[in-house]
Amino acid sequence: MGMSRLDVFYRRLLLTKLFIGGWGKPEDLKRIFEFRKIIGDREKCKTLVPVDYPVYINKTEELTDCHIHDGFFISPLEHLVPGILPQEAVKARFQFIVPKRWQRNRPVCIQLAGTGDHFFWRRRTLMARPMIKEAGMASLLLENPYYGYRKPKDQLRSCLKNVSDLFVMGGALILESTVLLRWLEREGYWPLGMTGISMGGYMASLAVTNWPKPIPLIPCLSWSTASSVFTTGVLSRAVNWAELEKQYAINSVYETEIIKLLEYCGADSFKMGTELQRNVDSLGNLLGLAGALPIKDGRFVKVETQSEVSSSLVNSSGTNIGTITAHSVGHGKKMNSHKCCRPSLHTESISFMKGVMDECTHMANFSVPVDTGLIIVVQAREDAYIPRTGVLSLQEIWPGCEIRYLNGGHISAYLFKQNFFRQAIYDAFNRFCLKYPSSQ
(Lines give C-alpha, C1' and ligand atoms only; values in the text may rest on other atoms or scores of the structure.)
Protein backbone atom coordinates (compact mmCIF):
# COMPACT_ATOMS: atom_id res chain seq x y z
CA MET A 1 0.00 0.00 0.00
CA GLY A 2 1.46 3.35 -1.04
CA MET A 3 1.15 6.47 1.09
CA SER A 4 -0.24 9.77 -0.10
CA ARG A 5 2.38 12.51 -0.13
CA LEU A 6 -0.40 15.04 0.49
CA ASP A 7 -1.23 13.22 3.74
CA VAL A 8 2.42 13.37 4.80
CA PHE A 9 2.83 17.02 3.78
CA TYR A 10 -0.38 18.08 5.55
CA ARG A 11 0.73 16.37 8.75
CA ARG A 12 4.06 18.24 8.63
CA LEU A 13 2.18 21.55 8.58
CA LEU A 14 0.59 20.80 11.95
CA LEU A 15 3.03 21.32 14.79
CA THR A 16 0.83 20.46 17.76
CA LYS A 17 1.51 17.32 19.80
CA LEU A 18 -0.95 14.62 20.84
CA PHE A 19 -1.21 13.25 24.40
CA ILE A 20 0.95 15.92 26.05
CA GLY A 21 -0.47 14.83 29.41
CA GLY A 22 0.61 11.22 28.92
CA TRP A 23 -1.30 7.97 29.29
CA GLY A 24 -3.91 9.23 31.75
CA LYS A 25 -4.34 8.27 35.38
CA PRO A 26 -3.70 4.56 35.97
CA GLU A 27 -6.89 4.30 38.02
CA ASP A 28 -8.86 5.78 35.09
CA LEU A 29 -7.33 3.27 32.68
CA LYS A 30 -8.31 0.43 35.01
CA ARG A 31 -11.92 1.67 35.19
CA ILE A 32 -12.05 2.08 31.41
CA PHE A 33 -10.73 -1.43 30.75
CA GLU A 34 -13.24 -2.94 33.15
CA PHE A 35 -16.08 -1.03 31.47
CA ARG A 36 -14.80 -2.12 28.04
CA LYS A 37 -15.50 -5.74 29.04
CA ILE A 38 -19.15 -4.81 29.51
CA ILE A 39 -19.65 -2.49 26.56
CA GLY A 40 -17.83 -4.87 24.23
CA ASP A 41 -20.59 -7.44 24.74
CA ARG A 42 -23.92 -6.40 23.25
CA GLU A 43 -25.88 -8.83 25.43
CA LYS A 44 -24.53 -7.23 28.61
CA CYS A 45 -25.52 -3.76 27.40
CA LYS A 46 -29.22 -4.27 26.72
CA THR A 47 -30.31 -2.58 29.93
CA LEU A 48 -27.51 -0.02 30.34
CA VAL A 49 -29.52 2.76 28.68
CA PRO A 50 -33.26 2.95 29.51
CA VAL A 51 -35.59 2.95 26.51
CA ASP A 52 -37.15 6.24 27.66
CA TYR A 53 -33.85 8.00 28.44
CA PRO A 54 -34.67 11.76 28.51
CA VAL A 55 -33.66 13.88 25.49
CA TYR A 56 -34.46 17.59 25.23
CA ILE A 57 -34.88 20.05 22.33
CA ASN A 58 -34.10 23.61 23.44
CA LYS A 59 -33.98 25.57 20.17
CA THR A 60 -35.47 25.33 16.65
CA GLU A 61 -34.43 27.32 13.60
CA GLU A 62 -36.22 27.37 10.24
CA LEU A 63 -34.22 27.57 7.01
CA THR A 64 -35.39 27.48 3.41
CA ASP A 65 -35.09 23.70 3.07
CA CYS A 66 -35.04 22.37 6.62
CA HIS A 67 -35.59 22.82 10.32
CA ILE A 68 -32.58 22.70 12.64
CA HIS A 69 -33.32 21.49 16.16
CA ASP A 70 -30.67 21.93 18.86
CA GLY A 71 -30.89 19.37 21.64
CA PHE A 72 -29.07 17.90 24.61
CA PHE A 73 -29.06 15.13 27.20
CA ILE A 74 -26.78 13.92 29.96
CA SER A 75 -24.27 11.34 28.80
CA PRO A 76 -25.11 7.90 30.27
CA LEU A 77 -21.38 7.39 30.86
CA GLU A 78 -21.59 9.91 33.69
CA HIS A 79 -24.05 7.61 35.48
CA LEU A 80 -22.23 4.36 34.70
CA VAL A 81 -18.61 5.47 35.27
CA PRO A 82 -18.98 8.61 37.40
CA GLY A 83 -16.31 11.27 37.06
CA ILE A 84 -14.53 9.70 34.08
CA LEU A 85 -15.80 12.42 31.72
CA PRO A 86 -14.47 15.98 32.10
CA GLN A 87 -17.19 18.22 33.50
CA GLU A 88 -17.51 20.13 30.22
CA ALA A 89 -18.37 16.90 28.36
CA VAL A 90 -21.11 15.57 30.65
CA LYS A 91 -23.88 17.31 28.69
CA ALA A 92 -24.15 15.77 25.22
CA ARG A 93 -25.23 18.26 22.54
CA PHE A 94 -26.60 17.60 19.06
CA GLN A 95 -28.21 19.20 16.02
CA PHE A 96 -31.11 17.47 14.30
CA ILE A 97 -31.48 18.68 10.69
CA VAL A 98 -34.87 17.71 9.27
CA PRO A 99 -36.22 18.35 5.74
CA LYS A 100 -39.36 20.46 5.51
CA ARG A 101 -40.86 17.85 3.19
CA TRP A 102 -40.15 14.13 3.39
CA GLN A 103 -39.83 12.29 0.07
CA ARG A 104 -40.70 8.84 1.47
CA ASN A 105 -40.44 7.38 4.95
CA ARG A 106 -38.54 9.54 7.43
CA PRO A 107 -34.90 8.35 7.22
CA VAL A 108 -32.32 9.70 9.67
CA CYS A 109 -28.56 9.19 9.59
CA ILE A 110 -26.60 9.91 12.77
CA GLN A 111 -23.25 11.49 11.89
CA LEU A 112 -20.33 11.44 14.33
CA ALA A 113 -17.51 13.97 14.13
CA GLY A 114 -14.09 13.38 12.64
CA THR A 115 -10.84 14.73 14.03
CA GLY A 116 -10.96 18.52 14.30
CA ASP A 117 -14.69 18.71 13.55
CA HIS A 118 -15.81 21.02 16.36
CA PHE A 119 -19.45 22.11 16.70
CA PHE A 120 -21.69 21.31 13.70
CA TRP A 121 -20.91 23.63 10.77
CA ARG A 122 -18.69 21.26 8.77
CA ARG A 123 -21.00 18.24 8.84
CA ARG A 124 -24.08 20.40 8.34
CA THR A 125 -22.63 22.13 5.27
CA LEU A 126 -20.75 19.30 3.58
CA MET A 127 -23.05 16.37 4.35
CA ALA A 128 -26.40 17.11 6.04
CA ARG A 129 -27.74 19.90 3.78
CA PRO A 130 -26.74 18.08 0.55
CA MET A 131 -28.37 14.88 1.88
CA ILE A 132 -31.66 16.74 2.32
CA LYS A 133 -31.46 18.05 -1.23
CA GLU A 134 -30.36 14.77 -2.84
CA ALA A 135 -32.32 12.18 -0.88
CA GLY A 136 -34.69 13.91 1.54
CA MET A 137 -32.73 12.35 4.38
CA ALA A 138 -32.44 13.92 7.84
CA SER A 139 -29.18 13.99 9.79
CA LEU A 140 -28.52 14.04 13.51
CA LEU A 141 -25.11 15.52 14.31
CA LEU A 142 -23.79 14.51 17.73
CA GLU A 143 -20.92 16.50 19.19
CA ASN A 144 -18.04 14.33 20.39
CA PRO A 145 -16.81 14.62 23.97
CA TYR A 146 -13.63 16.77 24.06
CA TYR A 147 -14.84 18.80 21.05
CA GLY A 148 -16.73 22.08 20.64
CA TYR A 149 -18.91 22.89 23.64
CA ARG A 150 -17.65 19.66 25.24
CA LYS A 151 -13.94 20.55 25.06
CA PRO A 152 -12.07 20.78 28.38
CA LYS A 153 -10.70 24.24 29.11
CA ASP A 154 -7.11 22.98 29.35
CA GLN A 155 -7.18 21.13 26.01
CA LEU A 156 -5.43 22.70 23.03
CA ARG A 157 -7.70 22.65 19.99
CA SER A 158 -8.36 19.03 18.90
CA CYS A 159 -5.32 17.50 20.62
CA LEU A 160 -6.54 15.05 23.25
CA LYS A 161 -4.45 15.55 26.37
CA ASN A 162 -4.27 11.90 27.47
CA VAL A 163 -4.34 8.57 25.67
CA SER A 164 -7.20 7.56 27.98
CA ASP A 165 -9.31 10.45 26.62
CA LEU A 166 -9.75 8.60 23.32
CA PHE A 167 -11.15 5.58 25.17
CA VAL A 168 -13.48 7.73 27.25
CA MET A 169 -14.70 9.40 24.06
CA GLY A 170 -15.44 6.01 22.49
CA GLY A 171 -17.31 4.68 25.50
CA ALA A 172 -19.38 7.85 25.76
CA LEU A 173 -20.29 7.87 22.07
CA ILE A 174 -21.42 4.24 22.12
CA LEU A 175 -23.89 4.99 24.91
CA GLU A 176 -24.94 8.39 23.53
CA SER A 177 -25.64 6.89 20.11
CA THR A 178 -27.88 4.32 21.78
CA VAL A 179 -29.78 7.14 23.50
CA LEU A 180 -30.34 8.92 20.20
CA LEU A 181 -31.31 5.80 18.22
CA ARG A 182 -33.93 4.93 20.84
CA TRP A 183 -35.21 8.50 20.91
CA LEU A 184 -35.53 8.56 17.11
CA GLU A 185 -37.40 5.24 17.23
CA ARG A 186 -39.80 6.63 19.82
CA GLU A 187 -40.41 9.66 17.61
CA GLY A 188 -41.31 7.44 14.65
CA TYR A 189 -38.32 8.01 12.37
CA TRP A 190 -37.30 5.15 10.04
CA PRO A 191 -34.98 3.84 8.75
CA LEU A 192 -32.06 4.82 11.00
CA GLY A 193 -28.35 4.52 10.23
CA MET A 194 -24.92 5.74 11.31
CA THR A 195 -21.92 7.24 9.57
CA GLY A 196 -18.83 9.33 10.16
CA ILE A 197 -15.59 10.28 8.47
CA SER A 198 -12.14 9.39 9.81
CA MET A 199 -12.42 9.19 13.62
CA GLY A 200 -16.18 9.73 13.21
CA GLY A 201 -16.44 6.61 11.06
CA TYR A 202 -14.53 4.64 13.62
CA MET A 203 -16.75 5.83 16.47
CA ALA A 204 -19.89 5.09 14.43
CA SER A 205 -18.60 1.55 13.93
CA LEU A 206 -18.15 1.12 17.68
CA ALA A 207 -21.68 2.40 18.31
CA VAL A 208 -23.25 -0.03 15.83
CA THR A 209 -21.52 -3.02 17.45
CA ASN A 210 -23.67 -2.26 20.47
CA TRP A 211 -27.03 -1.79 18.69
CA PRO A 212 -29.24 -4.91 18.98
CA LYS A 213 -30.95 -4.57 15.57
CA PRO A 214 -29.95 -4.51 11.90
CA ILE A 215 -28.80 -1.01 10.97
CA PRO A 216 -27.02 0.62 8.01
CA LEU A 217 -23.42 1.59 8.86
CA ILE A 218 -21.18 3.65 6.58
CA PRO A 219 -17.72 4.23 8.10
CA CYS A 220 -15.62 6.45 5.82
CA LEU A 221 -11.82 6.65 5.98
CA SER A 222 -11.61 4.44 9.09
CA TRP A 223 -10.56 0.85 9.71
CA SER A 224 -10.46 -1.93 12.30
CA THR A 225 -8.34 -0.42 15.10
CA ALA A 226 -6.80 2.87 16.21
CA SER A 227 -3.52 1.22 17.21
CA SER A 228 -1.96 1.57 13.75
CA VAL A 229 -3.05 5.21 13.55
CA PHE A 230 -0.85 6.16 16.51
CA THR A 231 2.03 3.70 16.01
CA THR A 232 2.67 3.54 12.25
CA GLY A 233 0.48 6.19 10.58
CA VAL A 234 1.61 9.77 10.00
CA LEU A 235 -0.09 10.80 13.26
CA SER A 236 2.44 8.65 15.14
CA ARG A 237 4.93 11.45 14.52
CA ALA A 238 2.65 13.87 16.37
CA VAL A 239 2.48 11.71 19.50
CA ASN A 240 4.43 13.05 22.48
CA TRP A 241 6.51 9.89 22.88
CA ALA A 242 8.98 11.60 25.22
CA GLU A 243 6.25 12.15 27.84
CA LEU A 244 4.74 8.70 27.34
CA GLU A 245 8.13 7.00 27.68
CA LYS A 246 8.95 9.03 30.78
CA GLN A 247 5.68 8.07 32.49
CA TYR A 248 6.00 4.43 31.47
CA ALA A 249 9.49 4.31 33.00
CA ILE A 250 8.70 6.25 36.15
CA ASN A 251 5.45 4.58 37.16
CA SER A 252 5.75 0.80 37.30
CA VAL A 253 1.96 0.37 37.51
CA TYR A 254 1.73 0.48 33.69
CA GLU A 255 3.85 -2.63 33.15
CA THR A 256 3.06 -4.43 36.40
CA GLU A 257 -0.72 -3.90 36.60
CA ILE A 258 -2.23 -2.19 33.55
CA ILE A 259 -0.65 -4.50 31.00
CA LYS A 260 -2.15 -7.52 32.78
CA LEU A 261 -5.63 -6.13 32.11
CA LEU A 262 -5.15 -6.24 28.32
CA GLU A 263 -7.24 -9.10 26.99
CA TYR A 264 -7.23 -8.58 23.24
CA CYS A 265 -5.36 -11.52 21.69
CA GLY A 266 -6.25 -11.40 17.99
CA ALA A 267 -3.95 -12.52 15.21
CA ASP A 268 -2.59 -8.95 14.92
CA SER A 269 -2.00 -8.37 18.63
CA PHE A 270 1.57 -7.15 19.17
CA LYS A 271 2.47 -8.61 15.76
CA MET A 272 4.02 -6.65 12.93
CA GLY A 273 5.12 -8.13 9.63
CA THR A 274 7.89 -7.31 7.15
CA GLU A 275 5.48 -5.37 4.95
CA LEU A 276 4.82 -3.02 7.85
CA GLN A 277 8.57 -2.54 8.23
CA ARG A 278 8.70 -1.24 4.66
CA ASN A 279 5.72 1.01 5.42
CA VAL A 280 7.45 2.49 8.49
CA ASP A 281 10.70 2.99 6.58
CA SER A 282 8.78 4.71 3.78
CA LEU A 283 7.04 6.98 6.28
CA GLY A 284 10.38 7.94 7.81
CA ASN A 285 11.80 8.80 4.41
CA LEU A 286 8.74 10.82 3.38
CA LEU A 287 8.89 12.82 6.59
CA GLY A 288 12.60 13.43 6.12
CA LEU A 289 13.34 11.64 9.39
CA ALA A 290 16.28 9.32 9.67
CA GLY A 291 16.21 6.11 11.64
CA ALA A 292 12.75 4.72 10.96
CA LEU A 293 11.95 2.13 13.61
CA PRO A 294 13.20 -1.34 12.66
CA ILE A 295 11.24 -4.41 13.69
CA LYS A 296 12.57 -7.52 15.37
CA ASP A 297 10.61 -10.52 16.66
CA GLY A 298 7.35 -8.81 15.80
CA ARG A 299 8.10 -5.62 17.74
CA PHE A 300 9.50 -2.19 17.07
CA VAL A 301 13.14 -1.83 18.01
CA LYS A 302 15.05 1.39 18.45
CA VAL A 303 18.60 1.39 19.75
CA GLU A 304 18.96 4.71 21.51
CA THR A 305 22.15 6.33 22.70
CA GLN A 306 22.45 7.45 26.29
CA SER A 307 22.16 11.07 25.16
CA GLU A 308 18.94 10.35 23.25
CA VAL A 309 17.35 8.68 26.25
CA SER A 310 18.52 11.37 28.65
CA SER A 311 17.20 14.15 26.42
CA SER A 312 13.79 12.50 26.34
CA LEU A 313 13.66 12.26 30.10
CA VAL A 314 13.76 15.94 30.97
CA ASN A 315 10.87 17.21 32.99
CA SER A 316 9.06 20.51 32.51
CA SER A 317 11.44 22.35 34.84
CA GLY A 318 14.50 21.22 32.86
CA THR A 319 15.66 18.63 35.39
CA ASN A 320 17.11 15.49 33.82
CA ILE A 321 15.33 12.77 35.76
CA GLY A 322 17.53 10.13 34.13
CA THR A 323 20.43 11.18 36.38
CA ILE A 324 18.52 11.19 39.64
CA THR A 325 18.48 8.04 41.73
CA ALA A 326 15.33 7.17 43.68
CA HIS A 327 13.79 10.53 42.77
CA SER A 328 10.20 10.75 43.93
CA VAL A 329 8.07 11.37 40.86
CA GLY A 330 4.51 11.01 39.54
CA HIS A 331 1.88 9.19 41.64
CA GLY A 332 4.33 8.91 44.56
CA LYS A 333 6.49 6.24 42.87
CA LYS A 334 10.26 5.98 43.29
CA MET A 335 12.30 4.58 40.41
CA ASN A 336 16.03 4.16 39.87
CA SER A 337 17.69 5.93 36.96
CA HIS A 338 18.49 2.69 35.13
CA LYS A 339 14.74 2.07 34.79
CA CYS A 340 14.34 5.42 33.04
CA CYS A 341 17.33 4.90 30.75
CA ARG A 342 16.82 1.31 29.62
CA PRO A 343 17.50 1.09 25.87
CA SER A 344 14.23 -0.77 25.22
CA LEU A 345 12.06 2.02 26.65
CA HIS A 346 10.92 3.36 23.29
CA THR A 347 10.11 -0.13 22.07
CA GLU A 348 8.16 -0.95 25.22
CA SER A 349 6.19 2.29 25.05
CA ILE A 350 5.12 1.66 21.46
CA SER A 351 4.15 -1.93 22.30
CA PHE A 352 2.17 -0.69 25.30
CA MET A 353 0.44 1.89 23.09
CA LYS A 354 -0.55 -0.85 20.64
CA GLY A 355 -1.78 -3.01 23.51
CA VAL A 356 -4.00 -0.40 25.15
CA MET A 357 -5.29 0.87 21.79
CA ASP A 358 -6.23 -2.62 20.62
CA GLU A 359 -7.87 -3.37 23.97
CA CYS A 360 -10.23 -0.41 23.75
CA THR A 361 -10.53 0.25 20.02
CA HIS A 362 -10.10 -2.99 18.08
CA MET A 363 -13.37 -4.01 16.42
CA ALA A 364 -12.56 -7.67 17.10
CA ASN A 365 -12.87 -6.84 20.81
CA PHE A 366 -16.52 -5.84 20.35
CA SER A 367 -19.67 -7.64 19.20
CA VAL A 368 -20.19 -8.16 15.47
CA PRO A 369 -23.01 -5.94 14.10
CA VAL A 370 -26.31 -7.79 13.72
CA ASP A 371 -26.28 -7.64 9.90
CA THR A 372 -22.87 -7.01 8.34
CA GLY A 373 -24.48 -6.96 4.90
CA LEU A 374 -25.72 -3.44 5.72
CA ILE A 375 -22.16 -2.13 6.17
CA ILE A 376 -20.46 -0.18 3.38
CA VAL A 377 -16.90 0.88 4.23
CA VAL A 378 -15.33 3.64 2.13
CA GLN A 379 -11.52 3.63 2.13
CA ALA A 380 -8.74 5.65 0.47
CA ARG A 381 -6.17 3.45 -1.24
CA GLU A 382 -3.15 5.54 -0.20
CA ASP A 383 -4.35 6.60 3.25
CA ALA A 384 -1.28 7.47 5.35
CA TYR A 385 -3.39 8.31 8.43
CA ILE A 386 -5.19 4.96 8.65
CA PRO A 387 -2.65 2.20 7.87
CA ARG A 388 -4.25 -1.14 6.96
CA THR A 389 -0.99 -3.10 6.94
CA GLY A 390 -0.32 -5.38 9.89
CA VAL A 391 -3.85 -5.33 11.32
CA LEU A 392 -6.90 -7.49 10.76
CA SER A 393 -9.12 -6.28 7.93
CA LEU A 394 -12.75 -5.39 8.49
CA GLN A 395 -13.71 -8.17 6.06
CA GLU A 396 -12.11 -10.67 8.44
CA ILE A 397 -13.87 -9.22 11.48
CA TRP A 398 -17.20 -8.48 9.76
CA PRO A 399 -17.71 -11.09 7.00
CA GLY A 400 -20.22 -9.82 4.45
CA CYS A 401 -19.42 -6.12 4.71
CA GLU A 402 -18.64 -4.20 1.49
CA ILE A 403 -15.41 -2.23 1.03
CA ARG A 404 -15.25 0.58 -1.54
CA TYR A 405 -11.90 2.12 -2.42
CA LEU A 406 -11.20 5.66 -3.58
CA ASN A 407 -7.97 6.67 -5.30
CA GLY A 408 -5.73 9.00 -3.32
CA GLY A 409 -5.13 9.56 0.36
CA HIS A 410 -6.96 10.59 3.51
CA ILE A 411 -6.85 14.37 3.04
CA SER A 412 -7.83 14.42 -0.64
CA ALA A 413 -10.75 12.06 0.03
CA TYR A 414 -11.90 14.12 3.00
CA LEU A 415 -11.80 17.33 1.00
CA PHE A 416 -13.07 16.22 -2.40
CA LYS A 417 -14.95 12.90 -2.14
CA GLN A 418 -17.91 13.78 0.08
CA ASN A 419 -20.29 12.83 -2.74
CA PHE A 420 -18.94 9.27 -2.69
CA PHE A 421 -19.58 9.10 1.05
CA ARG A 422 -23.15 10.30 0.58
CA GLN A 423 -23.79 7.78 -2.21
CA ALA A 424 -22.61 4.97 0.05
CA ILE A 425 -25.07 6.17 2.69
CA TYR A 426 -27.97 6.12 0.22
CA ASP A 427 -26.98 2.65 -1.03
CA ALA A 428 -26.80 1.22 2.50
CA PHE A 429 -30.20 2.69 3.43
CA ASN A 430 -31.76 1.36 0.22
CA ARG A 431 -30.28 -2.05 0.95
CA PHE A 432 -31.86 -1.96 4.41
CA CYS A 433 -35.28 -1.00 3.06
CA LEU A 434 -35.22 -3.85 0.54
CA LYS A 435 -34.13 -6.38 3.12
CA TYR A 436 -36.30 -5.23 6.04
CA PRO A 437 -39.37 -3.54 4.48
CA SER A 438 -41.56 -4.34 7.50
CA SER A 439 -39.13 -3.09 10.16
CA GLN A 440 -41.03 0.15 10.74
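Cut-off values and rules
Residues numbered from 1 in each chain as written. Predicted model: local features only at pLDDT ≥ 70, side-chain atom pairs only at ≥ 80, totals over all residues. Heavy atoms only, no water. Helix = DSSP H or I, 4+ residues; strand = E, 2+ residues; numbered from the N terminus. Contact = heavy atoms within 4.5 Å. Buried < 20%, exposed > 50% of the residue type's maximum accessible area, 1.4 Å probe, protein only. Axes fitted to C-alpha atoms, helices over the stretch in contact; angles between N-to-C directions. Parallel < 35°, antiparallel > 145°, perpendicular 65-115°, else oblique. Nonpolar A, V, L, I, M, F, W, Y, C, P; charged D, E, K, R; others polar. Core = buried A, V, L, I, M, F, W, Y, C linked by side-chain atoms within 4.5 Å. Expected span 1.5 Å × (residues − 1). Bend = angle between axes of the 7 residues up to and from the residue. Phe/Tyr/Trp six-rings, centres within 6.5 Å; stacked < 30°, edge-to-face > 60°. Lys NZ or Arg CZ within 6 Å of the ring centre and 35° of its normal. Left-handed = near helix turned anticlockwise from the far one by under 90°. Salt bridge = Lys/Arg side-chain N within 4 Å of Asp/Glu carboxyl O.

You'll find the protein entered in an unreviewed UniProt entry as Abhydrolase domain containing 18, with Xiphophorus maculatus given as the organism.

(A) Structural view of the overall build of the protein. A count of helices and strands for the protein gives 16 helices and 13 strands. In the protein, once contacts between residues fewer than 6 apart in sequence are set aside, the share between residues at least 24 apart is 79%.

(B) Summary view of unusual backbone geometry. Of note, the bond from W190 into P191 is cis; its omega dihedral lies within 30 degrees of zero at -5°. For P191, the position within the fold is in the loop between α5 (163-186) and β6 (192-197). Residues other than glycine seldom take positive phi values, yet F19 does so here, at roughly 60°. Inspection of the secondary structure assignment puts F19 in the loop between α1 (5-13) and α2 (26-39). For F19, a relative accessible area of 1% translates into the label buried. Positive phi, close to 75°, is recorded for Y146, a residue that is not glycine. Judged by its relative accessible area of 3%, Y146 falls in the buried class.

(C) Seen up close, the packing of α5 against helix α13 (residues 345-361). The contact between α5 and α13 brings their axes to 10 Å, and the two run at 10°. The angle between α5 and α13 falls in the class roughly parallel. Along its contact with α5, which presents V163, L166 and F167, the element α13 presents M353, V356, M357, C360 and T361. Residue composition of the contact of α5 with α13, by class: 7 nonpolar, 1 polar and no charged.

(D) Expanded view of helix α6 (residues 199-209). Counting buried positions along α6 gives 11 out of 11 residues, so the element sits mostly inside the fold. Taken residue by residue, α6 has M199, G200, G201, Y202, M203, A204, S205, L206, A207, V208 and T209 as its buried positions. Residues of α6 that are buried in the fold lie against β4 (108-112), α5, β6, β7 (217-220) and α13.

(E) Geometry of the nonpolar core. Formed by 100 residues in total, the largest nonpolar core has its most connected members in W23, F96, F167, M194 and F230. The leading source of residues in this core is α5, at 14 residues. Among all residues touching F230, those that are not within four sequence positions of it are L18, F19, L166, L235, S236, V239, W241 and M357. C109, M131, I197 and L406 belong to the second-largest nonpolar core, a separate cluster that totals 20 residues.

(F) Summary view of helix α4 (residues 121-135). Between its terminal C-alpha atoms α4 stretches 20 Å, which fits the 21 Å expected from 15 residues at 1.5 Å a residue. Remark: the principal bend of α4, roughly 30°, maps to M127, with a proline, P130, within the next four residues. Turning to α4, the residues buried within the fold contact β2 (66-74), β3 (91-99), β4, β5 (138-142) and α16 (418-435).

(G) Here's a closer look at the packing of aromatic side chains. Taken as a whole and judged by the stated rule, the model has 15 aromatic pairs. Aromatic side chains F94 and W183 sit 5.8 Å apart centroid to centroid with 55° between the ring planes, which places their arrangement in the tilted category. A residue pair is termed long-range when its members are at least 10 positions apart, and F94 in strand β3 and W183 in helix α5 qualify at 89 residues. The exposure classification of F94 matches that of W183, with both residues buried. The rings of Y53, F73, F94, F96, W102, W183 and Y189 are connected pair by pair, giving a single aromatic cluster. The ring of F72 carries the charged tip of K91 above its face, separated from the ring centre by 4.7 Å.

(H) Spatial organisation of the packing of α2 against α5. Remark: α2 packs on α5, axes separated minimally by 11 Å, with the N-to-C direction vectors making an angle of 35°. In the crossing of α2 with α5, the sense of the turn from one axis to the other is left-handed. Of the residues in α5, those touching α2 at L29, I32, F33, F35 and I39 are S164, F167, V168, G171, I174 and L175. Taken together, the residues that form the contact of α2 with α5 break down as 9 nonpolar, 2 polar and no charged.

(I) Representation of the pattern of salt bridges in the model. Under the definition given, this model contains 19 salt bridges. Here D371 makes a salt bridge to K435, at a shortest N to O gap of 2.8 Å. Taken as a pair, D371 in the loop between α13 and β12 (376-380) and K435 in helix α16 lie far apart in primary sequence, 64 residues in all. The buried category is assigned to D371, whose relative accessible area is 9%. In this structure K435 comes out as partly exposed when scored by relative accessible area, which is 46%. Of the charged contacts in the structure, one is a salt bridge between R431 and E402, with a shortest N-O distance of 2.7 Å. Note that R431 is positioned in helix α16 and E402 in strand β13 (residues 402-406), a separation of 29 residues in sequence. Take R431: its relative accessible area is 28%, and that puts it in the partly exposed class. Under the relative-accessibility criterion, E402 is labelled partly exposed at 24%. When salt bridges with common partners are traced through the structure, they connect E34, R36, K37, E263 and E359 into a single cluster.

(J) Quick peek at the environment of M131. Following the sequence through the fold, M131 ends up in helix α4. What makes M131 buried here is its relative accessible area of 0%. Those residues in contact with M131 that sit more than four places away from it in its chain are C109, Q111, G136, M137, S139, R422, I425 and Y426.

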